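Residue strings, one per chain:
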Amino acid sequence: VIIPAFAVGRTQELLYFLNKIEDERGLNMPVYVDSPLASRATEVFRRHPEAYDEESRRLVEEPGGIFDFARVRYTASADESRALNEKRGIVIISASGMAEAGRIRHHLKHNLWRPEAHVVIVGFQAQHTLGRRLLEGAESVRIFGDELAVQAHIHELSGLSAHADQEQLVNW
């Protein structure tokens, strides 16, 4: 499962939900946060519990909290990132959220052609971005000069997008 996610805010929100799934349903897949920026941002979230209300502070500070549950791992080096493409049965959260740059493009290149792979889009995708093309059902995409058949299952979790919808904009 590959999840292109924004490094600040969205990745941490995903960790919250994946931690909840692990607690309630027994997540049986390692989760890798493969973004140096997301890892550093998560450390800032972890180091500042004073910014949270009481319930959120507990979720962050308790052993195995939302950023440190049993199955989550943070990659640091490019070698660790590359090694993820040899693994199966894992979740990779990687930046960028619209799949336009960063390590996520490598993970997509190595997995979009696999029919057993799943890509979960969790945020707004601007026109002409790779993320938008995947959502619109592109049969093939070009990544790093290679044309790749899209055989992976593409899913959208639009409820996680931070962008206002028409009603919210009119009310504002």
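For the structure itself, look to the data block above.
### Re helix α1 (residues 10-25)
Alright, step 1. With 16 residues, α1 ought to run about 22 Å at 1.5 Å a step, and its terminal C-alpha atoms sit 22 Å apart, in line with that.
Alright, step 2. What α1 keeps buried is the set R10, T11, Q12, L14, L15, L18, N19 and E22.
Alright, step 3. Its buried side turned inward, α1 meets β1 (2-4), β2 (31-33), α2 (36-47), β3 (72-74) and β4 (91-94).

### Let's talk about the layout of surface pockets
Alright, step 1. Here the largest pocket is characterised by a volume of approximately 240 Å³.
Alright, step 2. I3, L14, L18, I21 and L157 are, among the 13 residues lining the largest pocket, the residues nearest its centre.
Alright, step 3. Looking at which element gives the most residues to the lining of the largest pocket, the answer is α1, with four residues.
Alright, step 4. When the residues that make up the lining of the largest pocket are grouped by side-chain class, the tally is 13 nonpolar, no polar and no charged.
Alright, step 5. As a volume, the second largest pocket reaches approximately 200 Å³.
Alright, step 6. Lining the second largest pocket are 15 residues; nearest its centre among them are V1, G89, I90, N111 and A117.
Alright, step 7. Broken down by class, the residue content of the lining of the second largest pocket amounts to seven nonpolar, four polar and four charged.

### Side note on the pairing of strand β7 (residues 146-149)
For a regular strand, the rule is simple: side chains alternate between the two faces of the sheet.
Alright, step 1. Across four bridges, the pairing between strand β6 (residues 140-143) and β7 is antiparallel. Among the inter-strand pairings, S140 is bridged to a residue of β7, identified as A149.
Alright, step 2. What sits between the antiparallel neighbours β6 and β7 is a turn of two residues, in which F144 has the positive phi angle 50 degrees.

What counts and what doesn't
Residues numbered from 1 in each chain as written. Predicted model: local features only at pLDDT ≥ 70, side-chain atom pairs only at ≥ 80, totals over all residues. Heavy atoms only, no water. Helix = DSSP H or I, 4+ residues; strand = E, 2+ residues; numbered from the N terminus. Expected span 1.5 Å × (residues − 1). Buried < 20%, exposed > 50% of the residue type's maximum accessible area, 1.4 Å probe, protein only. Contact = heavy atoms within 4.5 Å. 1 Å grid on protein atoms, 1.4 Å probe; cavity = no way out; pocket = protein on both sides within 12 Å on 5 of 7 lines; lining within 4 Å. Points joined across faces, edges and corners; volume = space filled by probe spheres on them. Nonpolar A, V, L, I, M, F, W, Y, C, P; charged D, E, K, R; others polar. Pairing = 2+ DSSP bridges.

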